Amino acid sequence: MTGFSFPTPLPAAVPGNDPSGADLLLSPGSLAALVDERTRAAIACGALHRIDTEQCFVDDGGVRFLVRVVSSLRRKATAGSARGDAARPAVNPFLPPEPELTVGVISRSHLAVLNKFNVLERHLLIVTRHFEDQQSLLGVADFQALYACLAEYPALGFYNGGRIAGASQNHKHLQLVPLPFDGAASGLPMAPLLGGEGPRCSRLPFAHAFGRLPPVVAGQPVQAAHALYRALLADLGITGEPSAEGERQSAPYNLLVAADWMLVVPRVAECWQAISINALAFAGSLFVRDRQQLERIRTAGPLRVLQAVAGSGGASG
């Protein structure tokens, strides 16, 4: 497979397939201020918990990986075990989300919600207003909400398709984090390896499918982005399996979304040596619980870690 055809119009009956953007309720240019205002209020009332980290850098294969040492992740896990959380019934934190964390309405189908345990500033969850399973395939309405947020400030969208891909909640939610990751000028750490038109980036050693949105549709990318997403999944052999709740993914994957490109990474394992890996790792940002985990990643090399959880098959034309 050497490329993808664009655009691919979708039937008018697909939910959220509205080229006019009539489903969108977010006022353009308002999101950053809303997020900042809600963040201040949520911190003041104790609803949002900022997690302090130590930032370290690990160079590997032309990428300067940002690794955050987050010791409070260990404390959170220990506290949860002490409370016996595993024995309690699962609670959906998004139905409804905490009012103190809810930034506002993006569209008729999605809300913007702050990440309760905040490592990254302006870390936003894009949550379906009604329950949809995290393992259901993304639809046009999901991309409409995501791109409405991406248009507001420099950011990267991502999706953890299932628990093996790093998802911690079953309620469908995409995520948005601001760029650059380190608050300085490094941009996206993985950017040097994301070259060409796809579906393979010659320097990525792990399994993946990559594609770009052509400039002619970059301003209104929703339908083309959805078509690209489905093409990238198909290239990796990931299909939609019919279920009572719609199409369910046939295999776990991570998705990274920028304004003009998209990367899908299949997953074969959730963790590498007890270190959980989610979509941001494939953008060049890793999180570890302590310095021992940091040193294990430094010794192995981050790209080898990513290959271990995604499988080989990259760097092939």
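Residues numbered from 1 in each chain as written. Predicted model: local features only at pLDDT ≥ 70, side-chain atom pairs only at ≥ 80, totals over all residues. Heavy atoms only, no water.

S.K.: Summarise the pairing of strand β13 (residues 253–257); cite the residues concerned and give the values.
M.R.: By the criterion of burial, β13 is predominantly enclosed, with five of the five residues buried. Here β13 shows no split at all, with Tyr-253, Leu-255 and Val-257 on one side and Asn-254 and Leu-256 on the other all buried. By the bridge criterion, five bridges tie strand β8 (residues 155–161) to β13 in an arrangement that is antiparallel. The residue of β13 that forms the bridge with Asn-160 is Asn-254. The hairpin turn running from β13 into strand β14 (residues 261–266), its antiparallel successor, is three residues long. (Buried < 20%, exposed > 50% of the residue type's maximum accessible area, 1.4 Å probe, protein only. Helix = DSSP H or I, 4+ residues; strand = E, 2+ residues; numbered from the N terminus. Pairing = 2+ DSSP bridges.)

S.K.: Report on the sheet that holds strand β9 (residues 173–178), specifying residues and quantitative values.
M.R.: Strands sit in the order β4-β5-β7-β9-β8-β13-β14-β10 across an open sheet of eight strands; the sheet is antiparallel. Among the strands making up the open sheet, the edge pair consists of β4 (102–105) and β10 (209–212). Direction aside, neighbouring strands of the sheet carry axes that sit 20° apart on average. Those strands touched by helix α1 (residues 31–45) are β4, β5 (110–114) and β7 (124–128), and its axis lies near 145° from that of β4. (Axes fitted to C-alpha atoms, helices over the stretch in contact; angles between N-to-C directions. Contact = heavy atoms within 4.5 Å.)

S.K.: Report on the nonpolar core, specifying residues and quantitative values.
M.R.: In a soluble, globular protein the nonpolar side chains are often hidden away together inside. If you look at the biggest cluster of nonpolar residues, it comprises 49 residues, and the most contacted ones within it are Leu-124, Phe-143, Leu-176, Tyr-229, Tyr-253, Leu-255 and Met-262. Considering each element in turn, this core owes the most residues, eight residues, to helix α3 (residues 140–150). (Core = buried A, V, L, I, M, F, W, Y, C linked by side-chain atoms within 4.5 Å.)

S.K.: Summarise the packing of α3 against helix α4 (residues 222–235); cite the residues concerned and give the values.
M.R.: Interhelical geometry of α3 versus α4 gives an angle of 120° and a closest axis separation of 9 Å. On the basis of the axis angle, α3 is oblique to α4. For the pair α3 and α4, the sense of crossing is right-handed. In this structure, α3 uses Val-140, Phe-143, Gln-144 and Tyr-147 to contact α4, whose residues at the interface are Val-222, Ala-225, His-226 and Tyr-229. Its residues assigned to classes, the contact of α3 with α4 shows six nonpolar, two polar and no charged. (Parallel < 35°, antiparallel > 145°, perpendicular 65-115°, else oblique. Left-handed = near helix turned anticlockwise from the far one by under 90°. Nonpolar A, V, L, I, M, F, W, Y, C, P; charged D, E, K, R; others polar.)

S.K.: Go over the pattern of salt bridges with me, naming the residues and quoting the values.
M.R.: Tallied over the entire structure, the rule returns 12 salt bridges. Of the charged contacts, one joins Arg-200 and Asp-235 as a salt bridge, the two residues approaching to 2.7 Å between their closest N and O atoms. Residue Arg-200 is found in the loop between β9 and β10, and its partner Asp-235 is found in helix α4; the two are separated by 35 residues along the sequence. This pair shows no difference in class: Arg-200 is buried, exactly as Asp-235 is. (Salt bridge = Lys/Arg side-chain N within 4 Å of Asp/Glu carboxyl O.)

S.K.: Now, about the sheet that holds strand β2 (residues 54–60): what can you tell me, with residues and values included?
M.R.: Here we have three strands laid out as an open sheet, ordered β2-β3-β17, and mixed in their pairing. Single-partner strands in this sheet number two, and they are β2 and β17 (285–288). For this sheet, the mean angle separating the axes of adjacent strands, direction not counted, is 30°. Against the sheet, helix α5 (residues 291–300) makes contact with β2, β3 (63–69) and β17, and its axis sits at roughly 15° relative to β2, the strand it touches most. Its contacts with the sheet place helix α6 (residues 302–310) against β2, β3 and β17, and it is angled at close to 85° to β2.

S.K.: Could you give me a rundown of unusual backbone geometry, with the residues and numbers involved?
M.R.: Pro-96 follows Leu-95 through a cis peptide bond whose omega is -5°. Inspection of the secondary structure assignment puts Pro-96 in the loop between α2 (71–83) and β4. Cis geometry is found at the peptide bond from Gly-198 to Pro-199, where omega equals 5°. With respect to the element layout, Pro-199 can be found in the loop between β9 and β10. Despite not being glycine, Gln-273 has its phi angle at roughly 50°, a positive value. Here Gln-273 falls in the partly exposed class, since its relative accessible area comes to 45%.

S.K.: Tell me about the confidence of the model for the protein, residues and numbers included.
M.R.: Chain-level statistics for the protein give a pLDDT mean of 86 and a share of 83% at 70 or above. Of the regions scoring below 50 in pLDDT, residues 1–20 engages in 37 contacts with residues more than four places distant in sequence or in other chains. pLDDT under 50 marks residues 73–87. Its contacts with residues more than four places away, or in other chains, come to seven contacts. (pLDDT = per-residue confidence, 0-100.)

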